[in-house]
Amino acid sequence: MMIYEYLVGAIIASFFWVFLLAYSLQKKETIGRIECGKSFEDEEYKSGLFNKNTDVIIVGAGLAGSALAYSLAKDGRQVHVIERDLTQPDRIVGEVLQPGGYLKLTELDLADCVDEIDAQRVLGYALYKDGESIKLPYPLENFPSDVAGRSFHYGRLVQRMREKAASLSNVRLEQGTVTSLLKEKGTTKGVHYRTRTGPEMTAYAPLTVACDGSFSKLRLSLSEPKVDVPSSFVGLILENSQLPFPNYAHVIIAEPSLILFYPISSTEIRCLVDIPGRKVPSISNGEMANYLKTVVAPQIPSTLCKSFISAVEKGSIRTMPNSCMPATPFRIPGALLLGDALNMRHPLTGGGMTVALSDVVLLRHLLKPLDHLNDSSSYIESFYTLRKQVAFTLNAVAGVGQRVLYASPDDQVIRSEMRRACFSYVSLGGGFGSGVIGLLSGLNHCPWTLALHLFLGSGYFIGRLLLPFPSPKCIWLVVRFIEEGICIIFPVIKAEGVGSILFPWTLLQHFKASPIIRNNLVMALFAIKSN
């Protein structure tokens with residue numbers, strides 16, 4: 001009966017998703033252009049301030065900026081990195097690198113950066129709901145033994161990557177604050193920046209890449225950002241405790257949202273509590289501690305509860321907003337956005353670093369065959385289009401996961417059913433659980449696989465409700481499910497552009513007159529498919 005329900009539901013769901021896909025294909029992407037920042041005269045461009053050897057200016061030396069600086073310098077580029085603060089970052093997210101991200105780190109020759117920071121291997125996820133638990137290991141059978149997820153203190157990884165980039169003679173790593181872009185006739189020629197004690201300075205290069213993070217100052221000059229903050233993370237560190245499943249990240253489907261546990265060193269476990277909405281209980285007056293003890297603690301496995309309460313009572317509670325932002329860049333010659341400055345998704349799935357490192361690998365492939373970077377219009381368009389396959393898949397997984405697993409007070413019945421169906425679907429085992437975890441891990445970033453699991457998951461949900469005999473309530477729940485599905489997935493498809501997501505090779509038709517760019521795109525596409 002279960003298989004029959006599943007097949008019937010899948011057929012019904014397929015009609016819904018095909019309709020949604022066909023509708024979104026009719027939408028055309030708009031490419032905006034903007035002219036902003038300070039312009040300059042040709043004489044200034046030729047002045048002594050201009051370093052003729054600089055190929056790329058990178059604004060920001062976080063994970064994306066450091067990786068890009070190192071990889072481009074290894075290819076022989078002269079790189080100037082300007083970072084606002086070179087002290088070790090201290091943050092509560094960006095601490096889980098999925099296996100797909102580790103593969104990209106290896107491809108960039110940076111995998112050794114996780115070897116000396118007490119990073120912990122992560123082999124998959126343990127999922128909890130209503131007292132039940134399942135293990136979802138990463139599908140690592142066809143990969144070398146060193147391939148797995150890694151979890152760590154974010155700041156330690158970034159400092160190691162900065163050190164490795166700065167060790168190259170053609171990388172200039174400087175502390176300073178970029179104040180604006182230099183523009184001439186719509187083309188970016190460099191940046192204005194200030195050091196801590198000195199006057200405003202000028203740096204010039206044919207390509208400027210803004211990697212200045214989630215609070216980017218250059219984002220407004222290079223895109224039309226639409227930032228949403230659906231929730232906040234409350235972070236704690238549990239000391240000298242053990243997870244029920246060693247080397248697994250633990251996700252508890254709780255009320256009203258999720259609770260995460262994962263190791264960040266050999267003696268520390270990070271706990272992140274997702275609190276929906278922009279407002280969180282106050283830490284200073286004790287509201288947060290009371291919330292964690294009375295609402296969150298009773299839903300935590302008993303083996304972790306004591307350590308969790310001890311961490312709350314210790315008082316080292318931190319919060320961070322969870323920002324989501326689709327990539328909506330302007331195609332401005334001479335400038336690119338990369339990393340969180342370009343695109344953010346809910347950190348629930350830990351996909352941010354995988355997307356950023358994938359973007360670095362792609363950009364490196366696009367730039368490598370080029371002797372000069374002055375004609376940037378073609379490779380900028382190529383980068384923003386080709387990145388969408390990986391980015392869309394991980395963005396959609398994060399968006400669907402956050403929306404489905406959040407117990408909305410506005411519609412508790414449908415969300416409760418969706419949460420239960422999600423847990424049951426991955427519990428089916430076989431290709432169901434491994435397929436979903438393969439997408440989440442970044443090991444499989446094929447949008448068609450994502451579409452398949454959306455079909456199958458929708459069919460499983462609808463079949464559970466309508467068979468053997470649908471009641472009016474169940475029919476109503478199916479209608480509400482379809483409405484929720486549209487609200488969850490359609491904005492992502494609309495923002496990314498479904499044509500370039502599912503068929504990125506169609507971009508080749510725009511560059512028939514340029515053999516160099518055409519060959520470059522073929523190389524980049526093979527790089528995407530092989531990883």
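Residues numbered from 1 in each chain as written. Predicted model: local features only at pLDDT ≥ 70, side-chain atom pairs only at ≥ 80, totals over all residues. Heavy atoms only, no water.

> Is there a simple way to think about the nonpolar core in this case?
Most often, soluble globular proteins keep nonpolar side chains buried together rather than apart. Grouped together as the largest cluster of nonpolar side chains are 70 residues, with contacts concentrated most on V191, V209, L338 and F383. Formed by 53 residues, the second largest nonpolar core is a distinct cluster that contains L136, Y138, A148 and F423. (Core = buried A, V, L, I, M, F, W, Y, C linked by side-chain atoms within 4.5 Å. Buried < 20%, exposed > 50% of the residue type's maximum accessible area, 1.4 Å probe, protein only.)

> Help me understand the pairing of strand 12 (residues 207–210), please; the structure alone is not making it clear to me.
Each regular strand displays side chains that alternate between the two surfaces of the sheet. Here strand 12 shows no split at all, with L207 and V209 on one side and T208 and A210 on the other all buried. Strand direction decides the pairing type here: strand 1 (residues 56–59) and strand 12, joined by four bridges, are parallel. In the strand pairing of strand 12, I58 is matched with V209. (Helix = DSSP H or I, 4+ residues; strand = E, 2+ residues; numbered from the N terminus. Pairing = 2+ DSSP bridges.)

> For this particular structure, what's the right way to read the sheet that holds strand 9 (residues 177–184)?
Pairing between sheet strands relies on hydrogen bonds along the backbone, with the strands arranged either parallel or antiparallel. Spatially, three strands are ordered 9-10-11 in an open sheet, and the strand pairing comes out antiparallel. The strands lining the two open edges of the sheet, one partner per strand, are strand 9 and strand 11 (200–204). When the angles between neighbouring strand axes are averaged without regard to direction, this sheet yields 30°. Judged from the five bridges that link them, strand 10 (residues 187–194) and strand 11 form a sheet pairing that is antiparallel. Bridge pairing in strand 11 links V191 to A203. (Axes fitted to C-alpha atoms, helices over the stretch in contact; angles between N-to-C directions.)

> Sorry, what's going on with unusual backbone geometry here?
Where the residue is not glycine, phi is negative for most of them; where a peptide bond is considered, it is trans in most cases. Along the chain, E255 connects to P256 via a cis peptide bond; the corresponding omega equals 5°. With respect to the element layout, P256 can be found in the loop between strand 14 (248–253) and strand 15 (258–263). Residue P468 is bonded to the preceding L467 through a cis peptide linkage, with omega at 5°. Inspection of the secondary structure assignment puts P468 in the loop between helix 14 (447–466) and helix 15 (472–496). Residue D118 is not a glycine yet carries a positive backbone phi of 60°. One non-glycine residue with positive phi stands out, namely D130, at about 50°. Tracing the backbone through its elements, the reader meets D130 in the loop between strand 5 (124–129) and strand 6 (132–137).

> Could you clarify how one ought to interpret the environment of L373 in this entry?
Looking at the element boundaries, L373 is found in the loop between helix 9 (352–367) and helix 10 (377–386). Taking the relative accessible area as the measure of exposure, L373 reaches 2% and is therefore buried. For L373 and P206, which are 167 residues apart along the polypeptide, the C-alpha to C-alpha distance reads 5.9 Å. Leaving out residues up to four positions away in the same chain, L373 has contacts with D55, V56, R77, P206, L207, L367 and Y379. (Contact = heavy atoms within 4.5 Å.)

> Is there a simple way to explain the pairing of strand 10 in this structure?
The sheet contact formed by strand 9 and strand 10 spans seven bridges and is antiparallel. Bridge pairing in strand 10 links K183 to T188. Remark: two residues form the turn of the hairpin made by strand 9 and strand 10, two consecutive strands paired antiparallel; K185 in that turn has positive phi of roughly 55°. Here strand 10 folds back onto strand 11, and the loop between the two strands holds five residues.

> Can you help me understand the packing of helix 4 (residues 99–107) against helix 9 in this one?
Working note: a packed helix pair is described by the angle between its axes plus the distance between those axes. Where helix 4 meets helix 9, the axes come as close as 8 Å, and the angle between the chain directions of the two elements is 35°. The handedness of the crossing between helix 4 and helix 9 is left-handed. In contact with G100, G101, K104, L105 and E107 of helix 4, helix 9 contributes T354, L357, S358, V361, R364 and H365. Of the residues contributing to the contact of helix 4 with helix 9, the split by class is three nonpolar, five polar and three charged. (Left-handed = near helix turned anticlockwise from the far one by under 90°. Nonpolar A, V, L, I, M, F, W, Y, C, P; charged D, E, K, R; others polar.)

> Whenever I open this one, empty space enclosed by the protein confuses me. Can you help?
The tally for this structure, following the rule as stated, stands at five cavities of 30 Å³ or more. By volume, the largest cavity amounts to about 790 Å³. Along the walls of the largest cavity sit 35 residues, with V400, G401, V404, C422 and V436 positioned nearest its centre. Put simply, the parts of the chain that give the lining of the largest cavity at least two residues each are strand 5, helix 11 (388–405), helix 12 (412–427), helix 13 (430–440), helix 14 and helix 15. By residue class, the composition of the lining of the largest cavity is 29 nonpolar, six polar and no charged. (1 Å grid on protein atoms, 1.4 Å probe; cavity = no way out; pocket = protein on both sides within 12 Å on 5 of 7 lines; lining within 4 Å. Points joined across faces, edges and corners; volume = space filled by probe spheres on them.)

> Would you take a moment to explain the confidence of the model for the protein for this structure?
Averaged over every residue, the pLDDT of the protein is 85; residues scoring 70 or more account for 82%. Of the regions scoring below 50 in pLDDT, residues 1–8 engages in twelve contacts with residues more than four places distant in sequence or in other chains. Considering only residues more than four positions removed or in separate chains, one finds that residues 20–50, a stretch of pLDDT under 50, has 54 contacts. (pLDDT = per-residue confidence, 0-100.)

> What is the right way to read the side chain of T54 from this model?
Along the chain, T54 falls in the loop between helix 2 (42–45) and strand 1. Contacts of T54, omitting those with residues within four sequence positions, involve Q78, H80, Y204, A205 and P206.

> What's the story with the sheet that holds strand 15 in this structure? I'm lost.
The seven strands are arranged 6-5-14-15-16-13-17 in an open sheet whose pairing can be described as mixed. Pairing within the sheet leaves two strands with one partner each, and these edge strands are strand 6 and strand 17 (318–324). Neighbouring strand axes in the sheet, compared pairwise and without regard to direction, differ in orientation by 20° on average. Here six bridges tie strand 5 to strand 6, and the two strands are oriented antiparallel to one another. Residue pairing for strand 6: A126 is matched across the bridge by K135.

> So what exactly am I meant to see when it comes to the packing of aromatic side chains here?
The geometry of an aromatic ring pair comes down to the distance between the two centres and the angle between the two planes. For the structure shown, the criterion picks out six aromatic pairs. Between Y128 and F245, the ring centres sit 6.5 Å apart and the planes meet at 50°, which makes this aromatic pair tilted. You can see Y128 sitting in strand 5 and its partner F245 sitting in the loop between strand 13 (228–239) and strand 14, a full 117 residues away along the chain. One aromatic cluster in this structure is built from Y425, F432 and Y460. Above the face of the Y154 ring, R91 is positioned so that its terminal group lies 4.3 Å from the ring centre. One residue, R150, lies across the ring of Y102, its end atom 4.3 Å from the ring centre. (Phe/Tyr/Trp six-rings, centres within 6.5 Å; stacked < 30°, edge-to-face > 60°. Lys NZ or Arg CZ within 6 Å of the ring centre and 35° of its normal.)

> Help me out: how do you make sense of the packing of helix 11 against helix 12 in this one?
Put simply, helix 11 and helix 12 touch, their axes get as near as 8 Å, and they point 125° apart. Taken together, the axes of helix 11 and helix 12 are oblique relative to one another. Two secondary-structure elements touch here, helix 11 through R403, V404 and L405 and helix 12 through R415, M418, R419 and C422. (Parallel < 35°, antiparallel > 145°, perpendicular 65-115°, else oblique.)

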